[in-house]
Amino acid sequence: MIKELKYTGLVVPVDDLTVCALAYADDIALIADSPENLQKLISVLNDWCKKWRFVINPSKSNVVHYRNPPKVQTNFIFQLGDNGPVIDITDNYKYLGVYLDQYLTFSKATTVLGSAAGRALGSMINKYKSMGEMGYSTYTKLFESLVCPVMDYSSAIWGGKSYDCLDNIFNRAQRFFTGVHRLCPIDGYTGDMGWATNRVRWKIDALRLWNRLIQTDKNRLVYKVFQWDMTCHRTDNKANFASNIKQILCQLDLKKCYKDQTVIDVSYAREQLMKGVEKDWKNYANKKVKLDLYNNIKTKYGAEKYLLLNIDKYEKSLLSQLRYGILPLRVETGRFCNEKREGRVCTLCSTNTVENVEHFLFECSVYDSQRLQFIDKVRDCTDNWDTLTYNECLTKLFELKPRALGKYVKDIFLYRRSKLYK
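According to the stated counting rule, one finds 27 aromatic pairs in the structure shown. Between Y306 and F398 the ring centres are 5.7 Å apart and the planes differ by 65 degrees, which places this aromatic pair in the edge-to-face class. Residue Y306 is found in helix α14 (residues 305–308), and its partner F398 is found in helix α19 (residues 390–400); the two are separated by 92 residues along the sequence. Comparing Y306 with F398 shows no difference in burial state: the two are buried. These aromatic residues form a ring-pair network of at least three members: Y128, Y136, Y139, F143, F170, F176, F177 and W195. Taking the ring centre of Y99 as reference, the NZ or CZ of K108 above it sits at 5.1 Å. Here R323 stacks its cationic end above the ring of F398, 4.7 Å away from the centre of that ring.

See below:
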């Protein structure tokens, strides 16, 4: 069949090869540079199928006109034979599990992958709930095993930019474990979870594909297409796989590897990409007023100790909210009533002080009895407890006594709720 298609001479040049069809198992894709040539290929295929008593299913056959956005879709009518059924023209087609849309934006592909990854994440969350509790390492392993393979399918090809539908899945998984709501500052829980971001994983996948391609037999079609892709970027500066790889390697200061087409050390690349993530994370976090406390006590991108320990889920949630500036104290809830910051005072004590985290943990007289018991338990974590500043004190507590801090925050928060909402 492939030979008969090639005998027509209706082929598309790829480097020093010519292509008119791609066949994989029971799938075949015809490729032509004009509607007329594609119709001729369809006719040849149809005649071959009749000869060998095969039947083409027109309902599972489609034509896609790949082009740049300004160009109008063809109105050519494609048929199986002279008076055969019409083959519909569609704006996307699923080939080997990936939706290729007419402009090659991969928007359809990532939307479908996002839906599937969302279902996988929902299944993972159900497992978490059925077990009651789950440690950080187990949760991370499940995410990497159940959700990432779905979300990252063929990302080496389309992962050159961010996609909201997939970033939302990534953020949702982190929010669930830290126990915060969807309006929480993203940089807060991202920094505390310390996961490799979507873009890092996709860049690593692209580099792995690069390593496979440059080591592929030079006579194979996939290698010829790869070199053709490199030529297209070099001569026409097209945004393609080669341009994505070049951008990644320039970011890693490995531009010579791109020019010489040498194998990349993926471990080194991941390490350098994570350093870039940490730098960007710190820059973005420092710009957010709500993360003032967080920026004072968090210095490195990575999993926090209170998340690594087997702490009660509610206590973990309260500690996360405290760190990210979303614990429902007056300093936070007052903004929903358009109160000025200085007017968001504590209603439980008579000091007329703004009810922020510092006042809540260390100053409000309503919690004096719980506070004295707590300080007796944690004072031994440092020799100079009485001379520590507020930020230094919280840093030490999160580093050395996260369990005791979680229980203390839970006790006084529930006591506060009982006083306010009798």
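The discussion continues.
Here I77 is to be found in the loop between β5 (62–64) and β6 (78–79). By relative accessible area, which is 58% here, I77 ends up exposed. Between the C-alpha atoms of I77 and P35, which are 42 residues apart in sequence, the distance is 8.7 Å. Not counting residues within four places of it along the chain, the set of residues in contact with I77 comprises Q39 and V86.

Let us look at helix α12 (residues 266–286). Here α12 spans 30 Å end to end across 21 residues, near enough to the 30 Å set by a 1.5 Å rise per residue. For α12, the full list of buried residues reads V266, A269, L273, M274, V277, W281 and A285. End-on view of α12: buried residues confined to an arc of 130 degrees, all on one side of the axis. On the buried face of α12, the contacting elements are α7 (186–193), α8 (198–214), α10 (241–251) and α13 (292–297). For α12, the N-terminal capping position is held by D265, with its side-chain oxygen 3.1 Å away from the main-chain nitrogen of S267.

Next up on the list: the layout of surface pockets. Empty space within the second largest pocket amounts to approximately 570 Å³. In terms of lining, the second largest pocket is formed by 21 residues, of which the most central are T197, R199, V277, D280 and Y284. Elements with a contribution of two residues or more to the lining of the second largest pocket: α6 (164–178), α7, α8 and α12. Residue contributions to the lining of the second largest pocket peak at six residues, all from α12. Here the lining of the second largest pocket is composed, by residue class, of eight nonpolar, eight polar and five charged.

Now for the side chain of E332. Structurally, the position occupied by E332 is in helix α16 (residues 330–333). Take E332: its relative accessible area is 8%, and that puts it in the buried class. In this structure the side chain of E332 is engaged in a polar contact, spanning 3.4 Å, whose partner is the side chain of K290. E332 has contacts with K290, G325, I326 and L327, leaving out every residue within four places of it along the chain.

A few words now on the side chain of S320. The topology assignment puts S320 in helix α15 (residues 313–324). Under the relative-accessibility criterion, S320 is labelled buried at 0%. One polar contact links the side chain of S320 to the main-chain carbonyl oxygen of T178, over a distance of 3.0 Å. Leaving out residues up to four positions away in the same chain, S320 has contacts with T178, V180, Y306 and L307.

Cut-offs used in this document
Residues numbered from 1 in each chain as written. Predicted model: local features only at pLDDT ≥ 70, side-chain atom pairs only at ≥ 80, totals over all residues. Heavy atoms only, no water. Phe/Tyr/Trp six-rings, centres within 6.5 Å; stacked < 30°, edge-to-face > 60°. Helix = DSSP H or I, 4+ residues; strand = E, 2+ residues; numbered from the N terminus. Buried < 20%, exposed > 50% of the residue type's maximum accessible area, 1.4 Å probe, protein only. Lys NZ or Arg CZ within 6 Å of the ring centre and 35° of its normal. Contact = heavy atoms within 4.5 Å. Expected span 1.5 Å × (residues − 1). Arc of directions from axis to C-beta. Polar contact = N/O pair within 3.5 Å; in protein donor to acceptor, adjacent residues only side chain to side chain. 1 Å grid on protein atoms, 1.4 Å probe; cavity = no way out; pocket = protein on both sides within 12 Å on 5 of 7 lines; lining within 4 Å. Points joined across faces, edges and corners; volume = space filled by probe spheres on them. Nonpolar A, V, L, I, M, F, W, Y, C, P; charged D, E, K, R; others polar.

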